[in-house]
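These are the residues of each chain, in order.
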Amino acid sequence: MEETLHFCYNNGVRTLLKPYFPSSHLHFPSISRVRPLSSSILSSKTSISLPKKPSKTSKFHPLTPHPQHDLPPEPHSEPQTDPNCQFREKMLYLESIGIDLFSLVDGYPPIVSSSLDNIKSTVDYMRSMGFTPIEFRRICGMCPEILSSRVTEIAPVFAFLLREVNVKASNLRRVINRRPRLLACDVEKRLRPTLYFLQRIGIEEVDKHTSLLSCSVEEKFIPRIECLERIGFSYRDAISMVRRFPQMFCYSIKDNLEPKFDYFVMEMGRDLKELKEFPQYFSFSLENRIKPRHRACVEKGVCFPLHVMLKTSEKQFRDKLENFLRWIPLKTFHRKP
């Protein structure tokens, strides 16, 4: 409700006429101050309407906006991509190069969140390095982490192998095919420290043992050296053995080194010096090679050197066994009465 005050001017004198209020209980906000009005803009009788007093909580109403074409453009936002659509595109792309995404997910779940653009870049880079589709599929099957790696992570591995390990460019594909996990290793944290360790213990031609570069010195190499020391070798002898046969670093302590050593000492009764000279003993199958040939030698009363007993083929071993017996007098095997 608006309240109205009436002013009347008589000979330049302003007189306030009291309005009639039907009820004294009505409340109107008081006017604390009235600004003086200029007589030049008022007629002899003017009505002034005062707006209602705004509440403390009231706010200004926004101005009416301009037409749509006058409004500033809204910031551009990228459309949200459907995750199912992304997965489907990734699956179709991998199928086009002969890789089953679902098979990879079982062994390496993070492949689901890998960027399709990164995967395409990695595939293109591997092709540029000369890898065939068959080779790349095999590499991904053995090390699916490669599909999640960026080209900026894979390229330094190739440079490291060529420049620091001295792998020939013609052998590069063979090295990666033998040990695809090299491509998933960090050069600074894994490959270079392992290279320095192998060189420090005297393995100079590391390019012939590149599969070892992906191994951890602390978790793989040191425990096997300690195992050899524990079973009776000195540290110097242990280093000499792994220098002669670096593949020992990859053998299981529980399933390979310990049981074969126990059989060598307890059943074969041989000297540790033979193992020091022929550490390749640990590379042969205990059940299929070591035990059968040792028993054959025991039955014939023959003791071959380790390398003769184990390195030869089955036919060569039997021929050596027969030829050896042929030249030994029978009385040699007769027991004394």
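Before reading further, recall that the structure is shown in the block above.
Residues numbered from 1 in each chain as written. Predicted model: local features only at pLDDT ≥ 70, side-chain atom pairs only at ≥ 80, totals over all residues. Heavy atoms only, no water.

Draft legend 1. The side chain of arginine 192, seen in detail. Structurally, the position occupied by arginine 192 is in helix α7 (residues 187–200). When its relative accessible area of 17% is taken as the criterion, arginine 192 is described as buried. Polar side-chain contacts of arginine 192 include one of 2.5 Å to the side chain of glutamate 164. Only 2.6 Å separates the side chain of arginine 192 from the side chain of glutamate 188, close enough to count as a polar contact. (Helix = DSSP H or I, 4+ residues; strand = E, 2+ residues; numbered from the N terminus. Buried < 20%, exposed > 50% of the residue type's maximum accessible area, 1.4 Å probe, protein only. Polar contact = N/O pair within 3.5 Å; in protein donor to acceptor, adjacent residues only side chain to side chain.)

Draft legend 2. View of the packing of helix α10 (residues 253–266) against helix α12 (residues 286–300). It is at 12 Å that the axes of α10 and α12 come closest, and there the two elements cross at 5°. For the element pair α10 / α12, the angle class is roughly parallel. Residue-level inspection shows Pro259, Lys260 and Tyr263 of α10 in contact with α12, the latter providing Leu286, Ile290, Lys291, His294 and Arg295. Among the residues forming the contact of α10 with α12, the class breakdown is four nonpolar, one polar and three charged. (Axes fitted to C-alpha atoms, helices over the stretch in contact; angles between N-to-C directions. Parallel < 35°, antiparallel > 145°, perpendicular 65-115°, else oblique. Contact = heavy atoms within 4.5 Å. Nonpolar A, V, L, I, M, F, W, Y, C, P; charged D, E, K, R; others polar.)

Draft legend 3. Region of the structure containing the pattern of salt bridges. This model, assessed by the stated rule, comprises twelve salt bridges. Here arginine 181 makes a salt bridge to glutamate 145, at a shortest N to O gap of 3.3 Å. In this pair, arginine 181 is assigned in the loop between α6 (172–178) and α7 and glutamate 145 in the loop between α4 (133–142) and α5 (151–163), connecting sequence segments 36 residues apart. In this structure, arginine 192 engages glutamate 164 in a salt bridge whose closest nitrogen and oxygen atoms are separated by 2.5 Å. Of the two residues, arginine 192 sits in helix α7 while glutamate 164 sits in the loop between α5 and α6, which places them 28 residues apart along the sequence. The network of salt bridges with shared partners includes Glu164, Glu188 and Arg192. (Salt bridge = Lys/Arg side-chain N within 4 Å of Asp/Glu carboxyl O.)

Draft legend 4. Summary view of the state of the cysteines. Here the structure, examined in full by the defined rule, presents zero disulfides. The thiol of cysteine 140 is not disulfide-bonded; the next cysteine sulfur, from cysteine 143, is found 8.4 Å away. Residue cysteine 140 is classed as buried on the basis of its relative accessible area, which comes to 1%. Cysteine cysteine 297 shares no disulfide, and the gap to the nearest cysteine sulfur, in cysteine 303, comes to 7.3 Å. (Disulfide = S-S within 2.5 Å.)

Draft legend 5. Summary view of the nonpolar core. Within the largest apolar cluster, 83 residues are counted, with the highest numbers of intra-cluster contacts made by Leu161, Leu213 and Tyr281. A domain-level breakdown of this core finds at least three residues from each of domain 1 (82–180) and domain 2 (251–336). When neighbours within four sequence positions are excluded, tyrosine 281 is seen to be in contact with Lys260, Tyr263, Phe264, Met268, Leu275, Ile290, Leu306 and Leu310. (Core = buried A, V, L, I, M, F, W, Y, C linked by side-chain atoms within 4.5 Å. Domains from an automatic or database assignment.)

Bear in mind that shape data such as this cannot, by itself, settle questions of function.
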